Amino acid sequence: MPIIHKIETGKNTILVWEITETLEELLDLYGNINNTNYTSKKRKKEHLISRLMLNRVCKNGTIIYNEFGAPELDNGKHLSISHSNELVTVIISETKSGIDIEQISEKTLRIASKFVSEKNLIKLNKEKATLIWCLKEAIYKWHQKGGVDFIKDIIISEFNSEEHGKVTTYFREKKLNLNYLKINNHYLVYVCN
């Protein structure tokens, strides 16, 4: 199992898996996935890998989905899942959490006007745009209820993007501290509260 990164912070466990297996190899590890509606092999692999990682950390939890489509665990622990290209990540936590992973690319810079205020667009490069997207997406997943305006509801304090660090944000006036880490040309961001 190619878990390439693991973070344990007291009440939280984060795993990152690099997909190198075929779907058939993953099915041998996990078993049948008739309970999914995925038609693409890539989505089936992401689904299986997220369950394999969950089983490594929390053997007595089953994933359920709330009314907004956010994953939760039936044992009272909190769960968030993300994937980008060949990386899949999960966070299993005692507290409310959100996680996102995204490959650093020009795409986030091209669509930045959808999640960055107009006055801040001038200062962006693809790395910072990707990191800002991940910060906001992790908060969205932490919130778990939808109805979030990425520009108005999530305010990010000024920061410099590095290999890893913390960023202070405000979600509807609630202060949140998010952690980030650069892995294989991707940013991984997580929030626990």
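Residues numbered from 1 in each chain as written. Predicted model: local features only at pLDDT ≥ 70, side-chain atom pairs only at ≥ 80, totals over all residues. Heavy atoms only, no water.

1. Some thoughts on the overall build of the protein
What counts, and what does not: The way it works is that DSSP assigns letters per residue, a run of H or I at least four long becomes a helix, a run of E at least two long becomes a strand, and they are numbered from the N terminus. Based on C-alpha atoms, the radius of gyration is set beside the globule rule, defined as 2.2 Å times the residue count to the power 0.38. Here, two residues are considered to be in contact whenever any of their heavy atoms come within 4.5 Å of each other. Each accessible area is a Shrake-Rupley estimate made with a 1.4 Å probe; only the visible protein chains count as cover when residues are assessed. In summary, the charge assignment counts Lys and Arg as positive and Asp and Glu as negative, without counting His or the chain termini. For charged residues, the charge sits on one atom: NZ in Lys, CZ in Arg, CG in Asp, CD in Glu.
Counting secondary structure elements, the protein contains four helices and 11 strands. Against the globule reference of 16 Å for 193 residues, the protein gives a C-alpha radius of gyration of 17 Å, in line with a compact fold. Dimensions of the protein, computed from the C-alpha atoms along their principal axes, are close to 50 × 35 × 30 Å. Put simply, of all contacts in the protein between residues at least 6 apart along the chain, 48% involve residues at least 24 apart. Total accessible area computed for the protein in this model is approximately 10,200 Å², and 46% of it derives from carbon and sulfur atoms. Each charge sign in the protein was given a centre, from 28 positive and 24 negative side chains, and these centres are 3 Å apart.

2. Topic: the side chain of T89
Note the cut-off: Under the scheme applied here, a residue whose accessible area is under 20% of the maximum for its type counts as buried, over 50% as exposed, and between as partly exposed, the area being computed with a 1.4 Å probe on protein chains only.
Relative to the helices and strands, T89 resides in strand β6 (residues 87-93). Among the residues examined, T89 registers a relative accessible area of 0% and is labelled buried. Aside from chain neighbours lying at most four places away, what touches T89 is I14, L15, V16, M53, S80, I81, S82, I99, I101 and L188.

3. What about the sheet that holds strand β1 (residues 3-8)?
The condition that has to hold: Strands qualify as paired when DSSP identifies two bridges or more between them. Throughout, an axis means a line fitted to C-alpha atoms (over the contacting stretch in the case of helices), and angles, computed between N-to-C directions, take values from 0 to 180 degrees.
The strand order across the open sheet formed by four strands is β1-β2-β6-β5, and the pairing between neighbours is antiparallel. The two strands at the open ends of the sheet, each matched to only one other strand, are β1 and β5 (78-84). With direction set aside, neighbouring strand axes in the sheet form an average angle of 10°.

4. Some thoughts on unusual backbone geometry
A positive phi is found at N85, a non-glycine position, where the angle reads about 55°. Here N85 is to be found in the loop between β5 and β6. Under the relative-accessibility criterion, N85 is labelled partly exposed at 34%. One non-glycine residue with positive phi stands out, namely N184, at about 50°.

5. What to know about the pairing of strand β2 (residues 12-18)
Burial of β2 is extensive: six of the seven residues sit out of reach of the surface. Relative to β2, β1 runs antiparallel, the two being bridged by five bridges. Among the inter-strand pairings, H5 is bridged to a residue of β2, identified as V16. In this antiparallel pair of consecutive strands, β1 and β2, the connection spans three residues, and G10 shows a positive phi of 70°. Where β2 lies against β6, seven bridges are found, and the strand directions are antiparallel. Bridging across to β6, N12 finds its partner in S93.

6. Structural notes on the packing of helix α1 (residues 23-30) against helix α2 (residues 41-57)
How two helices sit against one another is set out by the angle between their axes and by the gap between those axes. Rules: Relative orientations are named as follows: roughly parallel for angles under 35 degrees, roughly antiparallel for angles over 145 degrees, roughly perpendicular for angles from 65 to 115 degrees, and oblique for any other angle. Crossing handedness: left-handed means the near helix sits turned counterclockwise from the far one by under a right angle, and right-handed means the same turn made clockwise.
In contact at an axis separation of 10 Å, α1 and α2 are set at 30° when each is read in the N-to-C sense. By the criterion of interaxial angle, the relationship of α1 to α2 is roughly parallel. Two packed elements cross with a definite hand, and for α1 against α2 that hand is left-handed. Residues L23, E24, L26, L27, L29 and Y30 of α1 form the contact with α2, whose own contacting residues are K41, K44, K45, L48, I49, R51, L52 and N55.

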